[in-house]
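Fold and contact review
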Amino acid sequence: MSEHDGIDNYLLKGGIISGYFEFIKSEHGADAQAECISETGINPKDIKSNDYYSGEMNENVLQWISGNYGIHELKKAGNFTAKNLGCLTHLVRFANIRFFLRKAKDSYEETFQFGRISVLNDEFGKKATVIFKDSNIIEESCEAWIGAFEGFFEITRTKGTVKKTRCQVKGDEYCEYKLAWE
Ligand SMILES: [Zn+2]
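Taking burial as the measure, the seven residues of strand β4 (residues 127-133) include five buried ones, the bulk of the element. As paired strands, strand β3 (residues 116-121) and β4 are joined by six bridges and run antiparallel to one another. If you follow Val119 over to β4, its bridge partner there is Val130. One ladder, built from six bridges, connects β4 with strand β6 (residues 175-181); its direction is antiparallel. Bridge pairing in β6 places Val130 opposite Tyr177.

Take the coordination of the zinc ion next. Around the zinc ion, the donor atoms from the protein are Cys142 (SG), Cys167 (SG) and Cys175 (SG), and they sit 2.2 to 2.3 Å away. In primary-sequence terms, the residues that donate to the zinc ion follow C-x24-C-x7-C. One end of the pair, Cys142, is in helix α7 (residues 139-155); the other, Cys167, is in the loop between β5 (160-166) and β6, and 25 residues separate them in sequence. Pair check on accessibility: Cys142 and Cys167 agree, each one buried.

For the rest of this paragraph, the subject is the pattern of salt bridges. Enumeration over the complete set of coordinates arrives at seven salt bridges. Residues Glu27 and Lys76 are paired through a salt bridge, measuring 3.1 Å at the closest nitrogen-oxygen approach. Linking Glu27 in helix α1 (residues 14-28) with Lys76 in helix α4 (residues 73-84), this pair joins segments that are 49 residues apart in sequence. The exposure class of Glu27 is partly exposed, given its relative accessible area of 39%. Owing to a relative accessible area of 42%, Lys76 belongs among the partly exposed residues under this scheme. In this structure, Lys76 engages Glu73 in a salt bridge whose closest nitrogen and oxygen atoms are separated by 3.7 Å. Here the residue Lys76 and the residue Glu73 both occupy positions in helix α4, the gap between them amounting to three residues, near one helical turn. Among the residues examined, Glu73 registers a relative accessible area of 8% and is labelled buried. Connected through salt bridges with shared partners, the residues Glu27, Glu73 and Lys76 form a single ionic network.

Reading guide: rules and limits
- Residues numbered from 1 in each chain as written.
- Predicted model: local features only at pLDDT ≥ 70, side-chain atom pairs only at ≥ 80, totals over all residues.
- Heavy atoms only, no water.
- Buried < 20%, exposed > 50% of the residue type's maximum accessible area, 1.4 Å probe, protein only.
- Helix = DSSP H or I, 4+ residues; strand = E, 2+ residues; numbered from the N terminus.
- Pairing = 2+ DSSP bridges.
- Donors = N, O, S within 2.8 Å, 3.2 Å for Na, K, Ca; no water.
- Salt bridge = Lys/Arg side-chain N within 4 Å of Asp/Glu carboxyl O.

These figures capture arrangement, not role.
See the structure below:
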């Protein structure tokens, strides 16, 4: 029995998976990408960004990255993928981080058919707590979110920090990230 057997609709948009393949090519070269294609049996050319694919496919790519370059490489991979998601960059081009976080729930639900995200803003508007429930099955995915949030700061031209404070994969009730910005 695998860890995601309890999760319904364990599906996500292909744009995420092809984003990771793009990352491998851009950061590590075409040979590395070819190796990942042959070892995972997934060909990014067959993946359509707006179709839904199995979360396990995505996990295979994430684990290929951590297996070859270490878990921290996922931060870079998440950053790259977040910044290269066409739908998101369109959304945030003119937006600030607060606007973006208000849209986060809808964006998440459009992209992932499993798990839940909630964003709690503090009253002064310079901090937020982001909670993921049943979203991250492997640690690689939690790590990628750190980079993704850093990417969201970058595309909204915000100076900010991201801290992972709880992790469901490690036994907490949910994964939690603390965001703070200037
Ligand atoms: Zn986690």
